[in-house]
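# Remarks on the overall topology
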There are 2 protein chains.
Amino acid sequence: MISFPLRQIRHSFSTIKPPVLTLETICSKLLKAEYAVRGTIPMKAAQIAEEIRIGQGSKHPFGNLTELNIGNPQIFGQPPFSFIREVLASCFNPKMIDKMPFHQDVKSRSKFYHSNVTALIGAYSESVGYRFVRENVSKFIKQRDGGNDVPVSNIILTDGASNGINMILSTILSNEKDGVMIPIPQYPLYTALIALRNGQEVPYYLNEDLGWQICPNDLNNSLKEARSKGVNVKALVLINPGNPTGQIFDEDALKTLIKFCYENRMVILADEVYQENIYKEGKKFVSMKKVLTEMPQPYNRLELFSFHSTSKGFLGECGIRGGYMEMTNIDSDVLAQIVKLKSINLCSNTTGQITTDLMVNPPKKEECSQETVEKYENERAEILSSFKKRAQIVTDKLNKMKNIKCAEVEGAMYAFPKLFFTEKIITEAAKRKMNPDLFYTYEGF
Amino acid sequence: MISFPLRQIRHSFSTIKPPVLTLETICSKLLKAEYAVRGTIPMKAAQIAEEIRIGQGSKHPFGNLTELNIGNPQIFGQPPFSFIREVLASCFNPKMIDKMPFHQDVKSRSKFYHSNVTALIGAYSESVGYRFVRENVSKFIKQRDGGNDVPVSNIILTDGASNGINMILSTILSNEKDGVMIPIPQYPLYTALIALRNGQEVPYYLNEDLGWQICPNDLNNSLKEARSKGVNVKALVLINPGNPTGQIFDEDALKTLIKFCYENRMVILADEVYQENIYKEGKKFVSMKKVLTEMPQPYNRLELFSFHSTSKGFLGECGIRGGYMEMTNIDSDVLAQIVKLKSINLCSNTTGQITTDLMVNPPKKEECSQETVEKYENERAEILSSFKKRAQIVTDKLNKMKNIKCAEVEGAMYAFPKLFFTEKIITEAAKRKMNPDLFYTYEGF
């Protein structure tokens, strides 16, 4: 980054000191997180994208690059919801609401938000989020799970789910012996955050032949092995529906996990951001919270953190960065510490908070005209059926290809195919000191 | 939080295990951050606010509580800028822009944003932020400082300044011996973040009698003392204009700091979020970046992080959580690590990114009609003159009070008075095992 002529270097050699911050002096945990998010393929992709951007893309047999390594639906044409965007627009302009070219229902909702909060949008909210949104999240969970009241104090609004997961891992991981069980395959957030917090990742493998379900034996073995190495395993992450594996876990699977975690003194982090993205007939999403609270003592005492987001589901509002986390059975002193951690970072962005309210509190017939409700329902149905159709197409096409096999995508937004390589590719890859999958990917360039 | 009848406890005593997460098992660094943000007074205030909320406020001689411990201008009636809010509203509704009840200039700006980005607002941007916003930030800095081009790769868009400061402290602090010099008085962000990262805070005292300026001798002594205790002091924080002390540092003060930091192998974090909030005649804001780059070698090689935000200045858009940081003279490998850290957390919220663009790229006569430019300028002048007037009133009133003295508020949004206590108060406070200032504050309740 710093460049100057050689002569000048010589001249001032004795006075210019080397930089204070170098790879040797910065936080070593940051370095450890390296390969979790900046693998060879994303780096190659970034290089190609830059070549295309500056007009040097002609060496490639394609003119643009489609990034499929992150769920970002609006970039592929998924439209945002009219009701949501119109309410947000009105929230930004309280004095103009009545002049906006929107339905009366949109105006009423925006006015309701403004009536609840002084200086909506523009002022910091409480660090944990607007109280009325947290109340609506609480009602949403109660209705979804058919359970008891959810204390508002158990809800914190976050800048997306990853922000909440970061906070909880920061709270749980105390020293380099502390570990977290994570599913493999996973998406890179968990390995990166665990490395940053200097913790130990304890992998448990999902079984591809069983449609990426969990094998209790494998769970036990992973835990045993980690403990034999002195790792203090404190938590288990479940991603349901799976990312990047697209499976849905049923009630029995969740019960098994709850018993396993309770008996082994672990808390659960339930990453449930795809809870609306269910495609397979006959399958449904059941929340970890619901299963947990319906279990007998002592299992219903298990400590649980659940995460949801406005980025996935049918909203797909990734850029807005909204979401919430629910904390169940958490010791009140610990909960106060988590609230404190949130306070240090101040409130989550208010646009995300309002969007979270719109997610958990969509237009309903008690509040809105039939027209508004139907429009919303239609937009939702269209998005979800489009996802379902595309999940089917992707799986079908992959399975028709030679030497590729892909488990059915039951939910979420991803397919995770298996590639069978010929001896020739494996040998060639070995010659270039690459894994066969990396070699295969590079050959496309 | 968990309550159940005593009989049940007895019955299942042998099976219900204590919680996994307790103050003994969670991250000890989180506990250490305790008093930095949850002091006795904010906790007392929160308790009173809750009493008022649930209708039990009648025991107090006031009916509502005004929280002055954080800069949150819109909650006290500062209006948001029409142009900014109207453009944001239009950004949320690309298909409706032409039907919105806004000026053509607002529509053009929104369309310009949409033409730059696919799925503006709704899709994740690059982790470091929209490229066009970073380009405009770069132009803004160049114009503000009258300096050279600013590489776009040195700019990262953040969710407010505190988010950027958090990232940089995470990068710098590697182990429990690493320290950061922070001004005292400061606001609680720095002590809290340093505690969370397990670092050492190294205080340097601002001199109240000199209008909260820095004394080079004190700087040297603080550093010497820290080093004698084995602290590896890696960075110094300067808040200019000061929070909560309201002073402005001139070019000479900044030069002294730069030399001090360069000679002593420290990088600088320049917290400049109040750079627009200048009230004292004859004083002006000069950025650390400007002074640094104009200094002779080797001092112009000092490593610097500068932070700005949409929350303060004249925008006061605290809830939106937008801002940027500029990295000067940072080793390219280290810069790549910081970009990686940002990537783990995904992009900053897009509303904040657009608001940052609107801050650095206000309506100008080359782009907009005279009407739009004048309206914006008038709104700005009104807000800034109102701040100036209020700063004056606060200082005057405080200084007219018996046993209170307050330095002139030159900038930012705070006054930091000194209270002189009588022997009687000091003795009474000692009896109750309180500091006199805490006792004085409690007596008001």
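Residues numbered from 1 in each chain as written. Chains lettered and ligands numbered in written order. Predicted model: local features only at pLDDT ≥ 70, side-chain atom pairs only at ≥ 80, totals over all residues.

### Observations concerning the overall build of chain A
Check the secondary structure of chain A and you find 17 helices and ten strands. Computed over its C-alpha atoms, the radius of gyration of chain A comes to 24 Å, within 12% of the 22 Å expected for a compact globule of 445 residues. Expressed as lengths along the three principal axes of its C-alpha atoms, the size of chain A is roughly 70 × 60 × 50 Å. Across the 445 residues of chain A, 47% fall into the buried class. Within chain A, contacts between residues at least 6 apart in sequence are counted, and of these 66% link residues at least 24 apart. (Helix = DSSP H or I, 4+ residues; strand = E, 2+ residues; numbered from the N terminus. Rg over C-alpha atoms; globule rule 2.2 N^0.38 Å. Buried ≥ 20, exposed ≤ 12 C-beta atoms within 10 Å, placed from the backbone. Contact = placed C-beta atoms within 7 Å.)

### What about the relation of the copies chain B and chain A?
Of the two same-sequence chains, chain B is brought onto chain A (RMSD 0.0 Å, axial shift 0.0 Å) by a rotation of 180°. Both copies are brought into coincidence by an operation consistent with a two-fold rotation axis. Proximity to the rotation axis, assessed at the C-alpha, singles out Ala-89 of chain B in chain B; its C-alpha lies 2.0 Å from the axis. Interface overlap between copies is the fraction of interface residues in one copy that are interface residues in the other; for chain B against chain A it reaches 100%, indicating a shared surface. (Least-squares fit on C-alpha atoms with pLDDT ≥ 70 in both.)

### Quick notes on the sheet that holds strand 6 (residues 267-271) of chain A
Residues and elements named next belong to chain A. The eight strands are arranged 1-8-7-6-5-2-3-4 in an open sheet whose pairing can be described as mixed. Strands with a single pairing partner mark the edges of an open sheet, and in this sheet they are strand 1 (155-158) and strand 4 (213-214). With six bridges connecting them, strand 2 (residues 178-184) and strand 3 (residues 200-207) associate as parallel partners. Within the sheet, the bridge partner assigned to Ile-184 lies in strand 3 and is Tyr-205. Its contacts with the sheet place helix 7 (residues 131-145) against strand 1 and strand 8 (323-328), and it is angled at close to 115° to strand 1. In the packing of helix 8 (residues 161-172) onto the sheet, the strands contacted are strand 1, strand 2, strand 5 (232-239), strand 6, strand 7 (304-309) and strand 8, and the crossing angle to strand 7 comes to about 160°. (Pairing = 2+ DSSP bridges. Axes fitted to C-alpha atoms, helices over the stretch in contact; angles between N-to-C directions.)

### A few points about the sheet that holds strand 6 (residues 267-271) of chain B
Residues and elements named next belong to chain B. Taking strand neighbours across the sheet as the criterion, the eight strands line up as 1-8-7-6-5-2-3-4 in an open arrangement whose pairing is mixed. Two strands close off the open sheet at either side, each with one partner strand: strand 1 (155-158) and strand 4 (213-214). Note: strand 3 (residues 200-207) against strand 4, two bridges, orientation antiparallel. Bridge assignment links Asn-207 to a residue of strand 4, and that residue is Gln-213. Contacting strand 1, strand 2 (178-184), strand 5 (232-239), strand 6, strand 7 (304-309) and strand 8 (323-328), helix 8 (residues 161-172) crosses the sheet at an angle of about 160° to strand 7.

### Some points on the nonpolar core
Val-237 and Ile-268 of chain A together with Val-237 and Ile-268 of chain B are the most contacted members of the largest nonpolar core, which has 227 residues in total. Shared between two domains, this core takes at least three residues from each, and those domains are domain 1 (1-67) and domain 2 (113-360) of chain B. Discounting residues that sit within four places of it in the chain, Val-237 of chain A has contacts with Val-180, Met-181, Ile-182, Pro-183, Tyr-190, Leu-269 and Asp-271 of chain A. (Core = buried A, V, L, I, M, F, W, Y, C linked by C-beta atoms within 7 Å. Domains from an automatic or database assignment.)

### Regarding the interface of chain B and chain A
Tallying the contact residues gives 85 residues for chain B and 85 residues for chain A. Residue assignment for the side of chain B that touches chain A shows that the elements contributing at least two residues are helix 2 (28-32), helix 5 (82-92), helix 8, helix 9 (189-196), helix 13 (332-344) and helix 14 (350-360) of chain B. Sorting elements by how many residues they give to the side of chain B that touches chain A places helix 13 of chain B first, with nine residues. The class makeup of the residues in the side of chain B that touches chain A is 42 nonpolar, 28 polar and 15 charged. (Nonpolar A, V, L, I, M, F, W, Y, C, P; charged D, E, K, R; others polar.)

### Some words on the confidence of the model for chain A
Residues and elements named next belong to chain A. Mean pLDDT over chain A: 92, with 95% of residues reaching 70 or higher. Note on residues 1-13: pLDDT under 50 across the span, and eight contacts to partners over four residues away in sequence or across chains. Interface confidence in the predicted complex, given as ipTM, is 0.93; pTM for the same model is 0.94. (pLDDT = per-residue confidence, 0-100.)

### Let's talk about the environment of Leu-68 of chain B
Within the fold, Leu-68 of chain B resides in the loop between helix 4 (40-53) and helix 5. A sequence separation of 346 residues divides Leu-68 of chain B from Tyr-414 of chain B, and the C-alpha atoms of the two residues are 9.0 Å apart.

### Overview of the pairing of strand 1 of chain B
All names here are of chain B. Residue alternation in strand 1 divides its side chains into two sets, Ile-155 and Leu-157 and Ile-156 and Thr-158, and both sets are buried. Where strand 1 and strand 8 come together, four bridges link them in antiparallel fashion. In the strand pairing of strand 8, Ile-156 is matched with Met-325.

### Concerning the packing of helix 8 of chain B against helix 13 of chain B
Residue and element names in this part refer to chain B. For the pair helix 8 and helix 13, the least separation of the axes is 10 Å and the interaxial angle reads 125°. By the angle between their directions, the pair helix 8 and helix 13 is classed as oblique. Like other packed secondary-structure pairs, helix 8 and helix 13 cross with a definite hand, here right-handed. Of the residues in helix 13, those touching helix 8 at Met-167, Ser-170 and Thr-171 are Gln-337, Ile-338, Leu-341 and Lys-342. The class makeup of the residues in the contact of helix 8 with helix 13 is three nonpolar, three polar and one charged. (Parallel < 35°, antiparallel > 145°, perpendicular 65-115°, else oblique. Left-handed = near helix turned anticlockwise from the far one by under 90°.)

### Overview of unusual backbone geometry
With an omega of -5°, the peptide bond running from Gln-297 of chain A to Pro-298 of chain A counts as cis. Mapped onto the secondary structure, Pro-298 of chain A falls in the loop between helix 12 (288-294) and strand 7. Despite not being glycine, Asn-329 of chain B has its phi angle at roughly 65°, a positive value. Secondary-structure assignment places Asn-329 of chain B in the loop between strand 8 and helix 13. Since 19 C-beta atoms lie within 10 Å of it, Asn-329 of chain B is described here as partly exposed. A positive phi angle is found at Asn-403 of chain B, which is not glycine, with a value near 60°.

### Section: helix 6 (residues 104-116) of chain A
Residue and element names in this part refer to chain A. Here helix 6 contains 13 residues, and its C-alpha end-to-end distance of 19 Å stays within 8% of the 18 Å for a straight helix at 1.5 Å per residue. Among all positions of helix 6, only Asp-105, Val-106, Arg-109, Ser-110 and Tyr-113 are buried. Down the axis of helix 6, the buried set is contained in an arc of 135°. They therefore lie on one face. Opposite the packed face of helix 6, turned more than 90 degrees from it, sit the exposed residues Gln-104 and Ser-115. Residues of helix 6 that are buried sit in contact with helix 5 (82-91), helix 14 (350-360) and helix 15 (370-400). (Expected span 1.5 Å × (residues − 1). Arc of directions from axis to C-beta.)

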